[in-house]
Amino acid sequence: MSEAIVMTQSNEATASLFGAFDANIKIVEGAFGVRVSNRNSDPDSGDAIVVSGEAGDVKSAVRVLEYLKRMIGDGETLSEQSIEYVISAVKDGQDDGLEDCSKDVICITNRGKPIKAKTIGQKKYIKAIKSNTVVLGLGPAGTGKTFLAVAMAVEALRQKAVNRIILTRPAVEAGERLGFLPGDLQSKIDPYLRPLYDALFEMLGPDNFQKYMERGTIEIAPLAYMRGRTLDDSFIILDEAQNTTGEQMKMFLTRLGYNSKAVVTGDLSQTDLPRGVKSGLSTAASILQNIEGIGIFEFSERDVVRHHLVRKIITAYDKYEREQIEKKQRRFIQDSGKDRKQ
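Cut-offs used in this document
- Residues numbered from 1 in each chain as written.
- Predicted model: local features only at pLDDT ≥ 70, side-chain atom pairs only at ≥ 80, totals over all residues.
- Heavy atoms only, no water.
- Helix = DSSP H or I, 4+ residues; strand = E, 2+ residues; numbered from the N terminus.
- Buried < 20%, exposed > 50% of the residue type's maximum accessible area, 1.4 Å probe, protein only.
- Contact = heavy atoms within 4.5 Å.
- Areas by Shrake-Rupley, 256 points an atom, 1.4 Å probe, with all protein chains shown as cover.
- Pairing = 2+ DSSP bridges.
- Axes fitted to C-alpha atoms, helices over the stretch in contact; angles between N-to-C directions.
- Core = buried A, V, L, I, M, F, W, Y, C linked by side-chain atoms within 4.5 Å.
- Patch = residues over 30% accessible without salt bridge, like charges linked within 9 Å, V, L, I, M, F, W, Y side chains within 5 Å.
- Salt bridge = Lys/Arg side-chain N within 4 Å of Asp/Glu carboxyl O.
- Lys, Arg positive; Asp, Glu negative; His and termini not counted.
- Charge placed at Lys NZ, Arg CZ, Asp CG, Glu CD.
- Expected span 1.5 Å × (residues − 1).
- Parallel < 35°, antiparallel > 145°, perpendicular 65-115°, else oblique.
- Left-handed = near helix turned anticlockwise from the far one by under 90°.
- Nonpolar A, V, L, I, M, F, W, Y, C, P; charged D, E, K, R; others polar.
- Phe/Tyr/Trp six-rings, centres within 6.5 Å; stacked < 30°, edge-to-face > 60°.
- Lys NZ or Arg CZ within 6 Å of the ring centre and 35° of its normal.

The next subject is the overall build of the protein. Each helix and strand counted, the protein has 11 helices and 11 strands in total. Relative to its 342 residues, the protein shows a buried fraction of 45%. Long-range contacts, defined as pairs at least 24 residues apart, comprise 70% of the intrachain contacts of the protein with a sequence gap of at least 6. Accessible surface, the protein: about 18400 Å² in total, of which carbon and sulfur atoms supply 49%.

The structure is reproduced here in structure tokens:
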């Protein structure tokens, strides 16, 4: 048996680290098979957190606790998802850079909440947006692709780096023909663009959002309405890009004007295009590689920051789809063997 000590800076930090009813510590104990206890010390110098168990497990658990302690020091509130992410990164030996995730503030919301990267993948995604004119962000649901892009756009607008924000999505469910829905144009397209509204409400607040919309500083429209335009001095976000055709994607990317930045986000595993139609996002990711000024970043299921079950659901579906492909391949090989014998 081995034992190690992690020092906290205050009783409040210890309470945050342990969580309500020691929920946070129980996650760490369960992940590494260790025992974590609080050995009270001087209130002014914090507490000694004792970790005991097998040497290798203790070392990993201490590493996790040090990361969590640093997050608390940076003003982060620990959640089950964030704790499990840190544990997963440490177990896989991919925790280099974790300590920097919560340092850089991307944007401050209307309620004063700082928006920061929550995973190493998110931090790299933000860096890619900063250093490229066009970025393709691919990955599963819940990785923050759109939310972080909107945060970057709002900050660019506040810093006067751009004059407007343009957000667009393909209205695939209606085939870009929205006439059968009730109401005026805005009422027809709102259901498709609601996630973009939600992100902007979070950043700006309803009043500021409405003011920017009325001035034309923020524009939200279906992808079909981008045709024929040149977008200068703009931060442009194309969301749900897996539902674009090759022609639509080319049309969108060639709208880019001077002093503009474009972020394209999508999840290739959730394409709603008709059977046999290849996603424009998939094509773009293939043909735009190695072009200076264009960054292609792919998230993994580890970067999912929604409920921890979302990551497990994505992993389960990926496993199922791989198994289905393998079955088809085995079936094809068996059928080919039968044909040769005949």
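This is not the end of the story, as more comes after the structure.
Moving on, we get to the sheet that holds strand β2 (residues 35–39). Ordered in space as β1-β3-β2, the 3 strands form an open sheet in which the pairing is antiparallel. Here the strands that pair on one side only, and so sit at the sheet edges, are β1 (2–7) and β2. With direction set aside, neighbouring strand axes in the sheet form an average angle of 25°. Relative to strand β3 (residues 48–53), β2 runs antiparallel, the two being bridged by 5 bridges. Following the sheet pairing, Arg39 is matched in β3 by Ala48. Of the strands in this sheet, β1, β2 and β3 touch helix α3 (residues 55–73), which is tilted by about 10° from β1.

Now for the nonpolar core. Counting residues in hydrophobic clusters, the biggest one holds 36 residues, and the most contacted among them are Tyr125, Leu167, Leu200, Ile220 and Phe235. With 9 residues, helix α6 (residues 145–158) is the largest single contributor of residues to this core. One finds Phe18, Val34, Met71 and Val90 within the second-largest nonpolar core, a separate group that totals 28 residues.

Now for a positive patch on the surface. A cluster of basic residues, Arg275, Lys327, Lys328, Arg330 and Arg331, forms a positive patch on the protein surface. Tracing the sequence through the fold places Arg275 in the loop between β10 (261–266) and α10 (280–287). Classification of Arg275 as exposed rests on a relative accessible area of 85%.

Turning our attention to α6. One turn of an α-helix holds 3.6 residues; hence residues three or four places apart share an orientation. Relative to the 20 Å expected for 14 residues at 1.5 Å per residue, α6 spans 20 Å between its end C-alpha atoms, a close match to the ideal helical length. Here α6 lies mainly inside the structure; 11 of its 14 residues are buried. Taken together, the buried positions of α6 are Lys145, Thr146, Leu148, Ala149, Val150, Ala151, Met152, Ala153, Val154, Ala156 and Leu157.

To continue, consider unusual backbone geometry. Residues other than glycine seldom take positive phi values, yet Glu240 does so here, at roughly 55°. Looking at the element boundaries, Glu240 is found in the loop between β9 (234–238) and α9 (246–253). With phi around 65°, Asn290 is a residue other than glycine that occupies positive phi space. Classification of Asn290 by relative accessible area gives exposed; the value is 79%.

Packed helices, taken two at a time, are described by their axes: the angle between them and the distance between them. Following both chains from N to C, one finds helix α5 (residues 120–131) and α6 inclined at 45°, their axes separated by 11 Å at the closest point. One finds that α5 runs oblique with respect to α6. The chirality of how α5 crosses α6 is right-handed. Note on element contacts: α6 touches α5 through Lys145, Leu148, Ala149 and Met152, opposite Gln122, Tyr125, Ile126, Ile129 and Lys130. Looking at the contact of α5 with α6 residue by residue, the class counts come to 6 nonpolar, 1 polar and 2 charged.

Here we come to the packing of aromatic side chains. Counted by the stated rule, this structure contains 5 aromatic pairs. When the centroid spacing of 6.1 Å and the interplanar angle of 40° are considered together, the rings of Tyr125 and Phe297 count as tilted. You can see Tyr125 sitting in helix α5 and its partner Phe297 sitting in strand β11 (residues 294–298), a full 172 residues away along the chain. Overall, the relative accessible area of 0% leaves Tyr125 in the buried class. Taking 4.9 Å as the distance between ring centres and 80° as the angle between the ring planes, the aromatic pair formed by Phe297 and Phe299 counts as edge-to-face. Residue Phe297 is classed as buried on the basis of its relative accessible area, which comes to 14%. Taking the ring centre of Phe32 as reference, the NZ or CZ of Lys91 above it sits at 5.5 Å.

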